Amino acid sequence: MAEAAINANAEKADFSGEPLVRLTDVSKHYGQFEALRQINLDIARGEVVVVVGASGSGKSTLCRCINRLESISSGTITVDGTPLPEEGRALAQLRSDVGMVFQSFNLFGHKTVLDNVTLGPTKVRGLGKAEAQTQARALLARVGVAEKENSYPAELSGGQQQRVAIARALAMKPKLMLFDEPTSALDPEMIKEVLDVMTELASDGMTMVVVTHEMGFARQAADRVVFMDAGQIAEEATPEDFFRAPKTDRARDFLSKILAH
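Cut-offs applied
- Residues numbered from 1 in each chain as written.
- Predicted model: local features only at pLDDT ≥ 70, side-chain atom pairs only at ≥ 80, totals over all residues.
- Heavy atoms only, no water.
- UniProt positions renumbered as here; feature names shortened; annotations may be inferred.
- Axes fitted to C-alpha atoms, helices over the stretch in contact; angles between N-to-C directions.
- Helix = DSSP H or I, 4+ residues; strand = E, 2+ residues; numbered from the N terminus.
- Parallel < 35°, antiparallel > 145°, perpendicular 65-115°, else oblique.
- Left-handed = near helix turned anticlockwise from the far one by under 90°.
- Contact = heavy atoms within 4.5 Å.
- Nonpolar A, V, L, I, M, F, W, Y, C, P; charged D, E, K, R; others polar.
- Phe/Tyr/Trp six-rings, centres within 6.5 Å; stacked < 30°, edge-to-face > 60°.
- Buried < 20%, exposed > 50% of the residue type's maximum accessible area, 1.4 Å probe, protein only.

The name recorded for the protein in an unreviewed UniProt entry is Amino acid ABC transporter ATP-binding protein, from Jatrophihabitans telluris. Turning to the protein, the UniProt record has this under Subcellular location (unreviewed entry): "Cell membrane". UniProt, in its Sequence similarities (unreviewed entry) section for the protein, records the words "Belongs to the ABC transporter superfamily."

Colleague: So what exactly am I meant to see when it comes to the packing of helix H5 (residues 129–142) against helix H6 (residues 158–170) here?
Modeller: Helices that pack against each other are described as a pair by the angle of their axes relative to one another and the distance between those axes. Taken N-terminus to C-terminus, the directions of H5 and H6 make an angle of 140 degrees; their axes are 9 Å apart at the nearest point. Between H5 and H6, the angle falls in the class oblique. Our pair here, H5 against H6, has a crossing hand that is right-handed. Of H6, the residues touching H5 (which contributes Leu 139, Leu 140 and Arg 142) are Val 164, Ala 167 and Leu 170. Its residues assigned to classes, the contact of H5 with H6 shows 5 nonpolar, no polar and 1 charged.

Colleague: So what exactly am I meant to see when it comes to the packing of aromatic side chains here?
Modeller: Each aromatic ring pair is summarised here by two numbers: the centre-to-centre distance and the angle between the ring planes. All chains considered together, the criterion is met by 3 aromatic pairs. Taken together, a centroid distance of 6.1 Å and an interplanar angle of 35 degrees make the contact between Phe 227 and Phe 242 tilted. Placement of the pair is Phe 227 in strand S9 (residues 224–229) and Phe 242 in helix H9 (residues 239–244), with a sequence separation of 15 residues. Residue Phe 227 shares its accessibility class with Phe 242, and that shared class is buried. Aromatic side chains Phe 242 and Phe 243 sit 5.3 Å apart centroid to centroid with 80 degrees between the ring planes, which places their arrangement in the edge-to-face category. Under the relative-accessibility criterion, Phe 242 is labelled buried at 0%. Overall, Phe 243 belongs to the buried group, its relative accessible area being 9%.

This is the structure:
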């Protein structure tokens with residue numbers, strides 16, 4: 001089953017046209033520490049890029065720079081042909097076009113599930129309340145938590161909260177979805193329910209950048225695996241090539257450790 005999924009992804013990974021996201025010579029410094037060094041990466045429309053690597057390799061920093069939660073020290077990032085704005089209304093517009101799902105859910109604890117999902121479309125997109133609620137209910141059904149619309153985040157499991165967070169991001173109808181280790185705060189039995197939703201999004205053609213330690217997801221859903229080491233892209237390949245025959249010693253060492261667990 002997994003092999004078939006890999007082969008299917010390898011066959012469909014033929015992306016052409018202007019990339020949706022382009023990073024050119026992107027570096028990020030924290031004082032003397034180089035978190036990112038000369039990153040060059042194109043992400044095609046409809047492509048699923050899974051970013052892997054050891055802790056501290058720059059994966060999350062890369063993800064957060066794409067929607068400017070972290071500023072870059074040098075280089076350029078464009079989303080849909082537009083350079084990343086530094087601040088103001090243009091930056092708010094960019095963030096509304098780029099959905100992000102974090103480790104820690106970041107739901108509003110004092111609002112119901114339905115209110116969490118409708119807040120962005122009504123406040124930022126100007127959607128009417130009734131239309132926003134209809135859309136939110138459809139999205140909650142899509143991620144499998146329709147019956148929780150009147151619950152508060154504290155009443156949900158971690159897996160349910162993360163699925164609500166995905167629905168909330170999708171409610172903005174983003175061009176791109178960023179996932180920053182979305183399952184790392186979950187108990188093992190909850191991880192699959194979140195990964196299943198993400199796999200379905202990938203199969204539906206959503207452009208996704210996913211930072212994760214879940215190698216099964218990378219094998220099944222990725223069009224391309226990007227391996228980071230010490231703030232640089234050390235290797236990138238199809239899932240089949242990366243897992244079968246990694247080219248660098250660092251990637252081989254990483255896989256030998258993470259796949260042994």
